[in-house]
Amino acid sequence: MARQTVSHEDGAIYEFTPDLDGIVTVDPGTELTIETRDSLDGAVQAESDVIETVPEEVNAATGPIEIEGATPGDVLRVEIEAIRLAEEQGRVITIDGFGLLDRHDDIEAPRTRMTPVDDGTIEFDGLEVPVEPVIGTIGVAPDSESHTTLVPYDHGGNLDTTDVTAGNAIYFPVFQDGAMLAMGDCKAAMADGEMCGTGVEIATEIDATIEVIENAAIDLERPLVETPDAWKTIASAETLQAACELANRDAIALLAAEHGFDATDAYMFSSLVGGLEISQVVDPLVTVRNAVPKEYLSSPF
């Protein structure tokens, strides 16, 4: 089967709503190439270009892609096979009113650093950083409330999670018919936390295969990432404490189902084998993940 291309020129959204309409419909198992534009819609092409305030529309997500036969209660699996950079330079910016150290006296905002890309590295003021592309915003139509592409929540959205990368798969609960998958806001590189509010923002081409899991053995409520070595629950909330609690709750539910534990034993075991990781602390909600090695947790599905 030929790989099908879906481009941001075909359609892109700035808000995940319950009533999204797909720009294209694909069958489960379709191999896709999704073309995305940078999160700032090409507005920053030189260090003299700065973003004074967070735009009303940011993080364009290519789509929505309607998946034939996906219905509420199913699980959508997105296998990320490759992420290719589609520009010769990216950009890292600060914006007034945004970022972990916003309004600190010694932090200048707005500021732009352009980051040329060459031979697998990014150049930042004479220093080289490896290219390790990440999908920043990816999600499905939510259950009831709408969320802009700047916001992470149970539907996915602006997760800014370094594990959403080539070689891994991400799973979403399906809330609406067709699931309505969309993605964008990619980075050529980004550290856990995304402290200044951006990574190296850049346009990309993403190769992915979409599958629908019916009658899943677990009731998935939030995104879940599969790496070669671990399963990682992902949760977003207003505070780091609340996000950690949700991610840990999801992890102990998986462990309880796997090993026949009650909630307390699963909680205790998670304290031995789990690992909390910060995804981002700069979006309207913060995002964390709880990693459980596969030697203690086989496929939940």
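Caption draft 1: A negative patch on the surface, seen in detail. Taken together, E88, D118, D119 and E128 make up a surface patch of like negative charges. Within the secondary structure, E88 is located in the loop between β7 (75-85) and β8 (89-94). For E88, a relative accessible area of 70% translates into the label exposed.

Caption draft 2: Structural context of the pairing of strand β21 (residues 275-280). Both β21 and strand β22 (residues 286-293) contribute to a ladder of 5 bridges, which runs antiparallel. Among the inter-strand pairings, I278 is bridged to a residue of β22, identified as V288. Counted along the chain from β21 to the antiparallel partner β22, the turn is 5 residues long.

Caption draft 3: Representation of unusual backbone geometry within the structure. For the bond running from G63 to P64, omega is 5°, close enough to zero to count as cis. For P64, the location among the structural elements is in strand β6 (residues 61-67). A cis amide bond links A109 with the next residue in sequence, P110, at an omega value of 10°. Backbone geometry at D185 places phi at a positive 60°, although glycine is not the residue there. For D185, a relative accessible area of 2% puts it in the buried group. If you check the backbone angles, N215 has positive phi at about 55° while not being a glycine.

Caption draft 4: Examining the side chain of T30 more closely. Checked against the element boundaries, T30 lands in the loop between β4 (24-26) and β5 (31-36). A distance of 2.6 Å separates the side chain of T30 from the backbone oxygen of D27, its partner in a polar contact.

Caption draft 5: Seen up close, the packing of aromatic side chains. On inspection of all chains with the given rule, the structure shows 5 aromatic pairs. Arranged with centres 5.6 Å apart and planes meeting at 45°, the rings of Y171 and W231 form a pair that is tilted. In this pair, Y171 sits in strand β16 (residues 169-173) while W231 sits in strand β20 (residues 230-237), placing the two residues 60 residues apart along the sequence. Pair check on accessibility: Y171 and W231 agree, each one buried. Aromatic rings pair up to connect Y171, W231 and F301 into one cluster. The ring of F124 is capped by R113, whose NZ or CZ atom sits 5.7 Å from the centre of that ring.

Caption draft 6: Region of interest: helix α2 (residues 263-273). For α2, the complete set of buried residues consists of A266, F269, S270 and V273. Axial view of α2: buried residues confined to an arc of 110°, hence all on one face. In α2, the exposed positions that point more than 90 degrees away from the buried face belong to Y267, S271 and L272. Check the buried side of α2 and you find it contacts α1 (240-259), β21 and β22. For α2, the capping residue at the N-terminal end is D262, with a side-chain oxygen 3.2 Å from the backbone nitrogen of T264.

What counts as what
Residues numbered from 1 in each chain as written. Predicted model: local features only at pLDDT ≥ 70, side-chain atom pairs only at ≥ 80, totals over all residues. Heavy atoms only, no water. Patch = residues over 30% accessible without salt bridge, like charges linked within 9 Å, V, L, I, M, F, W, Y side chains within 5 Å. Areas by Shrake-Rupley, 256 points an atom, 1.4 Å probe, with all protein chains shown as cover. Salt bridge = Lys/Arg side-chain N within 4 Å of Asp/Glu carboxyl O. Lys, Arg positive; Asp, Glu negative; His and termini not counted. Charge placed at Lys NZ, Arg CZ, Asp CG, Glu CD. Helix = DSSP H or I, 4+ residues; strand = E, 2+ residues; numbered from the N terminus. Buried < 20%, exposed > 50% of the residue type's maximum accessible area, 1.4 Å probe, protein only. Pairing = 2+ DSSP bridges. Polar contact = N/O pair within 3.5 Å; in protein donor to acceptor, adjacent residues only side chain to side chain. Phe/Tyr/Trp six-rings, centres within 6.5 Å; stacked < 30°, edge-to-face > 60°. Lys NZ or Arg CZ within 6 Å of the ring centre and 35° of its normal. Arc of directions from axis to C-beta. Contact = heavy atoms within 4.5 Å.

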